[in-house]
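Examination of the molecular architecture
The lines below spell out each chain.
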Amino acid sequence: MTVNLDWENLGFDYMELPYRYDAHWKDGAWDEGGLVQGGSLTLNISSPALHYGQSAFEGLKAYRTKSGAIQLFRPDQNAARLNRSASQLLMPAVPTDQFLAAVKQVVAANAEYVPPYGTGATLYLRPLLIGVGENIGVAPAKEYLFTVFAMPVGAYYKGGMVPTKFMVAETYDRAAHFGTGQSKVGGNYAASLQAGKYAHEHGFGDAIYLDPIEHRYIEEVGSANFFAITKDGRKFVTPKSPSILQSITRRSLMDLATSVCGLAAEETRIPIDGLNDLAEAGACGTAAVITPIQSITYRDHVHQFGDGGVGPITQKLYDTLVGIQNGDVEGPAGWVVTVEA
Ligand code: PLP
Ligand code: COI
């Protein structure tokens, strides 16, 4: 059924699996695409993805339920976001049906690598859309590759649901106000490497960015969105900004904060000098799931949330979200999609 791996101790590392999916776009249309073996691409050396960052990607996971079934979490939202990113970089949209079929085919073909229920590990899927073919001036590509590959992963931040220290990257911006921050494009991640390296070298899980205009309001983490629970225990708040990624996990937590925890959920500006108003904070995303924020270091000040442990609302949101993803808790209609393997 499954291959023999040390599932409980997987990190977030690349592993080549037997199958991926490739489709090619040329002369205005996608071919039908299909499964391909191997982990290497052959590209023209002048491909715009390589030089000019005409490259967008997605991240989603396949989960093994208690009964052994395999399910995806809101893959239609990833399809929609990939196409918003594609539009910003002048790349052709991938039809939603083709995106969903590609993801399902890759999961089914690599089903023995979908980690067993209860191990905490999942199968991470990486859809990727890149401009390829001959090109040297700064212009959109004339050909595109859409590929989906996968690998089993464990926690992105060490320990997973463990309170983690973050720092504010005051001298770095991840994205410009009218830039590509809301798209999941390669350049945003290249721009986050320096701050991420600085944060890791100084003992932090990651860097938190501030808004690129005033450097006053929290934006997000290099690879996850930010959320918090206000001190009065009544609100789930998360940054409102044109330059952050619209996280599918965050959107889901906003819904669960309302429906399960009875909170108001609000996208609002969160000032970095207003941390005293917050009782709990976390980073959320597909890879990060929910990573509780133990403290935020800003300039010389370390702000600890509560007693530095996992707050009760963060824990409830985590249990509900992961419960839905693993098939133990019934979620809102349409959130979970079964894969026939
Ligand atoms: N923000 C950034 C910069 C990310 O890379 C991610 C990961 O996808 C997220 C937020 C979380 O988004 P999602 O919950 O859709 O995975
Ligand atoms: C994800 O959560 O899917 C991400 O893309 C985060 C990171 C690995 C880039």
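Residues numbered from 1 in each chain as written. Chains lettered and ligands numbered in written order. Predicted model: local features only at pLDDT ≥ 70, side-chain atom pairs only at ≥ 80, totals over all residues. Heavy atoms only, no water.

1. Quick notes on the overall build of the chain
Looking only at helices and strands, one finds seven helices and 18 strands in the chain. Reported as C-alpha extents along the three principal axes, the dimensions of the chain are approximately 55 × 50 × 35 Å. By sequence separation, contacts in the chain at least 24 residues apart represent 72% of the contacts at least 6 residues apart. Element-wise, carbon and sulfur atoms account for 51% of the exposed surface of the chain, whose accessible area totals about 15200 Å². Of the charged side chains in the chain, 26 are positive and 35 negative; the average position of the first set lies 3 Å away from that of the second. (Helix = DSSP H or I, 4+ residues; strand = E, 2+ residues; numbered from the N terminus. Contact = heavy atoms within 4.5 Å. Areas by Shrake-Rupley, 256 points an atom, 1.4 Å probe, with all protein chains shown as cover. Lys, Arg positive; Asp, Glu negative; His and termini not counted. Charge placed at Lys NZ, Arg CZ, Asp CG, Glu CD.)

2. Some points on the site of ligand 2
Looking at ligand 2, the residues that line it are F12, F57, G59, Y124, R126, Y156, K184, Y189, S223, T286 and A287. Y124 places a side-chain nitrogen or oxygen 2.6 Å from an oxygen atom of ligand 2. Between an oxygen atom of ligand 2 and a main-chain N or O atom of A287, the distance comes to 2.8 Å. For ligand 2, the accessible surface in isolation is 280 Å², of which the surrounding protein chains cover 90%. Here the residues of the shell around ligand 2 sort into six nonpolar, three polar and two charged. Domain assignment of the residues forming the shell around ligand 2 places at least three in each of domain 1 (7-153) and domain 2 (164-325). (Near = heavy atom within 4 Å. Polar contact = N/O pair within 3.5 Å; in protein donor to acceptor, adjacent residues only side chain to side chain. Nonpolar A, V, L, I, M, F, W, Y, C, P; charged D, E, K, R; others polar. Domains from an automatic or database assignment.)

3. Section: the site of ligand 1
Close to ligand 1 lie 17 residues; Y189, E220, S247, T249 and T286 are nearest. A distance of 2.5 Å separates a nitrogen atom of ligand 1 from a polar side-chain atom of E220. Within the contact set of ligand 1, an oxygen atom lies 2.5 Å away from a side-chain nitrogen or oxygen of T249. In isolation ligand 1 exposes 380 Å². Once the protein is present, 97% of that is buried. Those elements that provide at least two residues to the shell around ligand 1 are β11 (218-221), β12 (224-230), α6 (248-259) and β15 (278-285). When grouped by side-chain class, the residues that make up the shell around ligand 1 number six nonpolar, seven polar and four charged.

4. Describing the packing of aromatic side chains
Applying the stated criterion across every chain, the model contains 12 aromatic pairs. For the ring pair Y21 and F146, a centre distance of 6.0 Å and an interplane angle of 65 degrees mean the geometry is edge-to-face. Residue Y21 is located in strand β1 (residues 19-26), and its partner F146 is located in strand β8 (residues 143-153); the two are separated by 125 residues in the primary sequence. The same class applies to Y21 and to F146, which are both buried. (Phe/Tyr/Trp six-rings, centres within 6.5 Å; stacked < 30°, edge-to-face > 60°. Buried < 20%, exposed > 50% of the residue type's maximum accessible area, 1.4 Å probe, protein only.)

5. Digging into the domain arrangement of the chain
In terms of domain boundaries, the chain breaks down into domain 1 (7-153) and domain 2 (164-325). Contact residues are listed per partner, giving 20 residues for domain 1 and 21 residues for domain 2. Contact with domain 2 buries area across many residues of domain 1, yet F57, F73 and R81 alone supply 35% of it, more than any other trio. On inspection of domain 1 and its partner domain 2, the count reaches zero salt bridges. For the interface between domain 1 and domain 2, the tally reads 12 residue pairs in polar contact (both at pLDDT 80 or more). (Buried area = accessible area lost by both parts, 1.4 Å probe. Salt bridge = Lys/Arg side-chain N within 4 Å of Asp/Glu carboxyl O.)

6. Re the pairing of β8
For a regular strand, side chains alternate in direction, first toward one face of the sheet and then toward the other. Along β8, nine of the 11 residues are buried, which leaves the element largely enclosed by surrounding structure. Of the pairings in the sheet, the one linking β1 to β8 comprises six bridges and is antiparallel in character. If you follow Y21 over to β8, its bridge partner there is V148. Pairing of strand β7 (residues 122-132) with β8, which is carried by 11 bridges, proceeds in the antiparallel orientation. Each residue of the ladder has a partner; that of L125, found in β8, is A150. (Pairing = 2+ DSSP bridges.)

7. Quick notes on the side chain of T147
Of note, T147 is situated in strand β8. From its side chain, T147 meets the backbone oxygen of Y21 in a polar contact 2.9 Å long. Those residues in contact with T147 that sit more than four places away from it in its chain are R20, Y21, D22, R126, P127 and L128.

8. A short note on a nonpolar patch on the surface
Nonpolar side chains collect at one region of the surface, where Y52, I136 and V138 lie side by side and expose about 350 Å² of accessible area between them. Along the polypeptide, V138 turns up in the loop between β7 and β8. (Patch = residues over 30% accessible without salt bridge, like charges linked within 9 Å, V, L, I, M, F, W, Y side chains within 5 Å.)

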